[in-house]
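Take a look at the letters that make up each chain.
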2 protein chains.
Amino acid sequence: MSGAAARRPKVPKASNAVLTPLNSAATLTDRAGMREVAERAGVAMSSVSRVLSGHPDVSSAMRARVMAAVEALGYEPNMLAQMLRSGATHTVGFVVGDISNPLLAQIALGAEVRLRAAGYAMLLTNSVNEANLDATHIRLLQQRRVDGLLLSLSDETSDETLDALTRSMTPSVLVDRDLPLDEPFSAVLSDHASGIHQAVDRLVALGHDRIALVAGSPHVRPTRERINALEDALENHLGVVGQVRSGAFTEAHGKAATRELLAGRRPPTAIIAGGNQILVGVLDELGARKVRVPADISLVTCDDVPLAKFFTPTLAMINRDPYEIGLAAAGLLLDQLSGHPPETVILPTTFVTAASCGRPPR
Amino acid sequence: MSGAAARRPKVPKASNAVLTPLNSAATLTDRAGMREVAERAGVAMSSVSRVLSGHPDVSSAMRARVMAAVEALGYEPNMLAQMLRSGATHTVGFVVGDISNPLLAQIALGAEVRLRAAGYAMLLTNSVNEANLDATHIRLLQQRRVDGLLLSLSDETSDETLDALTRSMTPSVLVDRDLPLDEPFSAVLSDHASGIHQAVDRLVALGHDRIALVAGSPHVRPTRERINALEDALENHLGVVGQVRSGAFTEAHGKAATRELLAGRRPPTAIIAGGNQILVGVLDELGARKVRVPADISLVTCDDVPLAKFFTPTLAMINRDPYEIGLAAAGLLLDQLSGHPPETVILPTTFVTAASCGRPPR
DNA sequence: ATGAAAGCGCTAACAA
DNA sequence: TTGTTAGCGCTTTCAT
């Protein structure tokens, strides 16, 4: 009985509009479904589905009939239904520390372009550099059933984050991050060491003997890599001292660290600023104290920023190509989604010297 | 017969694993569904649904039973199913010209923060300032059934875009754009006129009599507003001439327009750059020709950019608060989604003078 | 206050 | 090659 009732009546929707009780959001009455297309073409829904999904076993006659009906009705498939049924959302989540950072904005751009070309859309969440938001956003994206994740985490060490990541093994690509996990993630890493080495070599050649690194959060890879690289580099240059101040990727930290360094017994002759925001703080403090660049101190910054090239003095920089990083990250994710094993790609950094690097004062 | 078969057997999933033929993506066997929760709690699925959705008519006993089962199983609702069933995706699309523009990055940040606070996620698409991509992205987002759209279009005049927008009336908020449509969109607009007026007044007071505006694409509101405002402002200052060069929001246009202006019979004594990229071009050309700011020419730019404050000379700017614009746009969209009628909000711009504005050369 | 049942629109196993 | 059918996991009438 109830079984018989379950059999779907073959009457067109319009004629039993009364029986369509569902949500009033059915205001979209004009949107044709696959059922209508099948009816109009006089074929089964499965055939319509086959035609639309490019299944090999379809006669050209069938294809023609179906396509005609599709055209006539202006049919567009409902992606939600497809997602629910197939389990694939063709959506990836990007957990980014701060999209207003031009570096990450470029990365996001590259990633989105590559993903869209492959039919994927990108959900973006900003953790505004708060570690606890990383985990929240990962879970949120997982609830939305993203197929994969691009991770530029604010903090690699958060247990909550690691937990969210291991619990449901969403295919993920780390963007310049290292995770203390066995799970095999793909990763796009920057070769910070190379840039730092080049910068240090240049500074030492100019005669500098106290090089300070004002770095960002020690909980992310770039900071650790830069610190290690500095120490490494100095082993080749006996007599040259390194001073490291890590903290946060903020203007405030840049400023405070610079103040400390300058107030110290033996202030640095050169400073490397580990990021845009930090650079602002460094410049601010230098300006406030009337410390001249490069006459009194030399300056190198990490990661280009718009308009930097018009600075006086022009800024020496350790650069990388963020758009390329985005492309690569998206590429690795797409690879993984099509079955490839996780992979790590290392992209270069390059040091470009400029007027902000000069001989140290006597 | 077939009807009887349709009756869903009440056997637990595990016991008839053989009967679960669907996609092999059923690797997620450990994910409990609402059915399991209902069984474990010994209640109907509808009751579970009611408890979880905060329906008023639920006894506390029921709530307790259900919540216990939810906890025990670590149940998490499947948003895809909810979306399909309810028709609401709690997702909004942001069609942005170029996320690598710091202005838009800030707007996106503000919007995302506000949206997420309301339980919405944001799909981001970059049109990389190509008009034809606007329409493509709008359709793409509509196919994904976004509940609403945030539009920072690359070109307001594209028929394809207008068509995509009118065809399926997705609630939308225009971000500093004007559309030639009857459809009622919400909008967050910037009061460019006020900033331009203040800048012009200042320049005229300094003695300038030829003020050029190197503007971006004439197909978007900010450009038109600035041009109109300049002409307006000059009506109050007889004898002061305006020169407008609109084109594109690119460095190339900024450079070319500046060259033209400087090569003209009567070059401007002051230039207003209509955006970050344009500013780069202007500065580049000025530098190449050894035109000094402000000694030879005065300069004003629109929209702040990181590090601008360290420029020499410091740059006079017409500013606005992009984060606030993002918040407002998201707010208007959320309002619309909860039934409010479309609305327009106008946010201020402010002129901040600086060393780049000086007296014109004699 | 609770339960039974009917789908949302689609895909894919199975049969024919 | 095509059709039949059983769901994906949830919400929401409707009846009790």
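Rules used in this analysis
Residues numbered from 1 in each chain as written. Chains lettered and ligands numbered in written order. Predicted model: local features only at pLDDT ≥ 70, side-chain atom pairs only at ≥ 80, totals over all residues. Heavy atoms only, no water. Salt bridge = Lys/Arg side-chain N within 4 Å of Asp/Glu carboxyl O. Helix = DSSP H or I, 4+ residues; strand = E, 2+ residues; numbered from the N terminus. Buried < 20%, exposed > 50% of the residue type's maximum accessible area, 1.4 Å probe, protein only. Contact = heavy atoms within 4.5 Å. Buried area = accessible area lost by both parts, 1.4 Å probe. Polar contact = N/O pair within 3.5 Å; in protein donor to acceptor, adjacent residues only side chain to side chain. Arc of directions from axis to C-beta.

Taking an unreviewed UniProt entry as the reference, chain A is identified by name as LacI family DNA-binding transcriptional regulator belonging to Jatrophihabitans lederbergiae.

A. A look at the pattern of salt bridges. Residues and elements named next belong to chain A. Counted under the stated rule, the structure contains 38 salt bridges over all chains. In this structure, the salt-bridge partner of Asp163 is Arg167, at a minimum N-O distance of 2.7 Å. In this pair, Asp163 and Arg167 are both assigned in helix H8 (residues 159-167), four residues apart and thus about one turn of the helix distant. Note on Asp163: relative accessible area 34%, which makes it partly exposed. Where Arg259 meets Glu285, a salt bridge forms, and the shortest distance between an N and an O atom there is 3.6 Å. With Arg259 in helix H11 (residues 251-263) and Glu285 in helix H12 (residues 276-288), this pair connects stretches of sequence that are 26 residues apart. Classification of Glu285 as buried rests on a relative accessible area of 4%. Salt bridges here are not isolated pairs; linked through shared partners, they connect Glu156, Asp176, Asp178, Arg221, Arg224, Glu225, Arg226, Asp303 and Arg320.

B. Geometry of the interface of chain A and chain B. The interface of chain A with chain B comprises 56 residues on the first partner and 56 residues on the second. When the two sides are added together, the surface that chain A and chain B hide from each other amounts to roughly 5100 Å², 61% of it contributed by carbon and sulfur. If you look at where chain A meets chain B, you find four salt bridges. One salt bridge in this structure joins Asp284 of chain B and Lys309 of chain A, with 3.9 Å as the shortest N-O distance. For the interface between chain A and chain B, the tally reads 19 residue pairs in polar contact (both at pLDDT 80 or more). Top element by residues in the side of chain A that touches chain B is helix H5 (residues 79-86) of chain A. It accounts for seven residues.

C. Region of the structure containing H5 of chain A. Residues of H5 of chain A that are buried include every one of Met79, Leu80 and Met83 of chain A, and no others. The buried side chains of H5 of chain A occupy one side of the element, clustering within an arc of 105° when seen end-on. The inward-facing, buried residues of H5 of chain A contact strand S1 (91-96) of chain A together with helix H5 (79-86) and helix H7 (131-143) of chain B. At the N-terminal end of H5 of chain A, a side-chain oxygen is found 2.7 Å from the backbone nitrogen of Leu80 of chain A, two or three residues along, and the residue is Asn78 of chain A. In the stretch just after H5 of chain A, Gly87 of chain A is the one whose phi turns positive, near 85°.

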